[in-house]
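Coordinate inspection notes
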Amino acid sequence: MNSPLAEPQHIQNTIRQNVEAIQSRMNEAVERSTVATIPPRLVAVTKYAEPEWIEALLEIGWRDLGESRPQLLQQRAAQYDRWPDLRWHQIGQLQRNKVRPVLEANAIIHSVDRWRLLTRINDISGELGRKTPLLLQVNIAGESQKAGFDPAALLEECERLRAMDACDVLGFMTMAPYTEDESLIRSVFRGLRELRDRIREKLRNDFAFAELSMGMTGDFEIAIEEGTTMVRIGSGLYSGLERRSVEEG
Ligand SMILES: *Cc1c(COP(=O)(O)O)cnc(C)c1O
């Protein structure tokens with residue numbers, strides 16, 4: 001093991017190397033893509049990260065962090081409030097009774113997966129006098145265990161978005177099935193982009209919904225080739241590091 005003094009430097013170097021490796025793979029995917037022109041924003045998912053790893057991410061300049069549990073997001077937003085330009089992203093399922101703390105942390109919500117939740121966010125945002133940036137999560141693959149709007153139903157009902165005047169619907173989010181089948185993964189990412197284009201057409205707004213949040217450690221290159229603007233990457237940032245809980249057995 002490293003000496004206690006060397007540890008923070010080791011963590012920072014490891015994370016910096018991982019980030020750089022991912023960024024160069026991102027750039028190569030942009031080169032291959034026929035729809036992407038610039039690399040997407042990299043949201044560093046911290047749900048498995050030790051506090052020291054988060055410190056390292058912040059030290060090397062990372063300012064977009066993602067959490068899946070609202071309670072942890074709220075706690076960490078308070079813990080790291082000395083970084084004023086730090087932006088939290090809520091990426092995991094959100095219950096209606098957890099909306100307020102997530103809004104108070106100024107998070108971008110990627111996982112708005114049903115109308116009732118969207119309405120609740122709109123109501124509380126109105127009450128707080130703000131416009132909340134969010135993405136609608138769509139279950140493109142129609143997996144029963146996954147959350148998200150049904151794509152056909154969302155297209156059908158998209159006029160309802162016009163009433164959400166305390167929400168800034170930036171775009172859409174999806175997760176690909178957990179599979180080795182690249183063509184299936186690609187069809188899911190492409191499906192989200194095409195759904196976005198159809199909703200744009202229907203609402204007659206060519207510039208709306210600019211953001212697509214798709215791609216994780218295992219599939220971000222395919223997502224970039226299909227035009228994602230935000231990737232949510234966790235485990236790939238920390239390879240070579242061991243979680244304390246694991247080390248301690
Ligand atoms: C955990 C998580 C990620 C990151 O997954 P990795 O495979 O670790 O990159 C991305 N999106 C969501 C919604 C997650 O829950």
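Residues numbered from 1 in each chain as written. Predicted model: local features only at pLDDT ≥ 70, side-chain atom pairs only at ≥ 80, totals over all residues. Heavy atoms only, no water.

1. Some details on the pairing of strand β2 (residues 64-67)
Note the following rule: Accessible area is worked out with a 1.4 Å probe on protein chains only. A residue is then buried under 20% of its type maximum, exposed over 50%, and partly exposed in between. Helix and strand definitions here come from DSSP, where helices need a minimum of 4 consecutive H or I residues and strands a minimum of 2 consecutive E residues; each element is numbered from the N-terminal end. The criterion for strand pairing is that DSSP finds at least two bridges linking the strands in question. Think of it like this: strands point away, you trace from the first strand over the helix to the second, and a clockwise trace means the crossover is right-handed.
Burial of the side chains of β2 extends over both faces: D64 and G66 are buried on one face and L65 and E67 on the other. Two elements, strand β1 (residues 41-45) and β2, share 2 bridges in a ladder whose sense is parallel. From the neighbouring strand, A44 faces β2, where its bridge partner is L65. For the handedness criterion, the β-α-β arrangement of β1, helix α2 (residues 51-59) and β2 is classed as right-handed. Where β2 and strand β3 (residues 87-90) come together, 4 bridges link them in parallel fashion. The partner of L65 across the bridge, within β3, is W88.

2. Some remarks on the site of the ligand
Our working definition: Distances are taken per atom, and a residue is near a molecule or strand as soon as one of its heavy atoms is within 4 Å of it. Under this definition, polar contacts are N or O atom pairs within 3.5 Å; protein pairs additionally need one hydrogen-donor-capable and one acceptor-capable atom, and for neighbouring residues in sequence, both atoms have to be side-chain atoms. Computed with the Shrake-Rupley method and a 1.4 Å probe, the accessible areas treat only the protein chains shown as cover for residues. Residues were grouped as follows: Ala, Val, Leu, Ile, Met, Phe, Trp, Tyr, Cys and Pro as nonpolar; Asp, Glu, Lys and Arg as charged; and all remaining residues, including Gly, as polar.
In the vicinity of the ligand, the residues found are V45, K47, Y48, I91, M175, M216, T217, R232, I233, G234 and S235. Here an oxygen atom of the ligand sits 2.5 Å away from a polar atom, N or O, in the side chain of T217. Considered on its own, the ligand offers 390 Å² of accessible surface; in the complex 89% of this is hidden by protein. The class makeup of the residues in the shell around the ligand is 6 nonpolar, 3 polar and 2 charged.

3. Considering the side chain of N18
Defined as follows: Only heavy atoms matter for contacts: two residues are in contact if any of them lie within 4.5 Å across the pair.
By the secondary structure assignment, N18 is in helix α1 (residues 7-32). Within the structure, the side chain of N18 is placed 2.8 Å from the backbone oxygen of L237, a separation counted as a polar contact. Once residues within four sequence positions are removed from consideration, N18 is found in contact with G236, L237, Y238 and S239.

4. What to know about the nonpolar core
Using the following cut-off: Here the nonpolar core consists of buried residues drawn from Ala, Val, Leu, Ile, Met, Phe, Trp, Tyr and Cys, with membership extended through side-chain atoms lying within 4.5 Å.
Among the nonpolar cores identified, the biggest contains 71 residues, and I15 and L136 are the most heavily contacted of them. Ranked by residue count, the leading element in this core is α1, at 7 residues. If near-sequence neighbours (up to four positions away) are discounted, L136 is found in contact with H110, V112, L118, F149, L154, L161, V169, G171, F172 and M173. In terms of nonpolar packing, the next biggest core, distinct from the first, is built from 5 residues, V43, L135, M173 and M230 among them.

No statement about biological role is implied by the geometric values presented.
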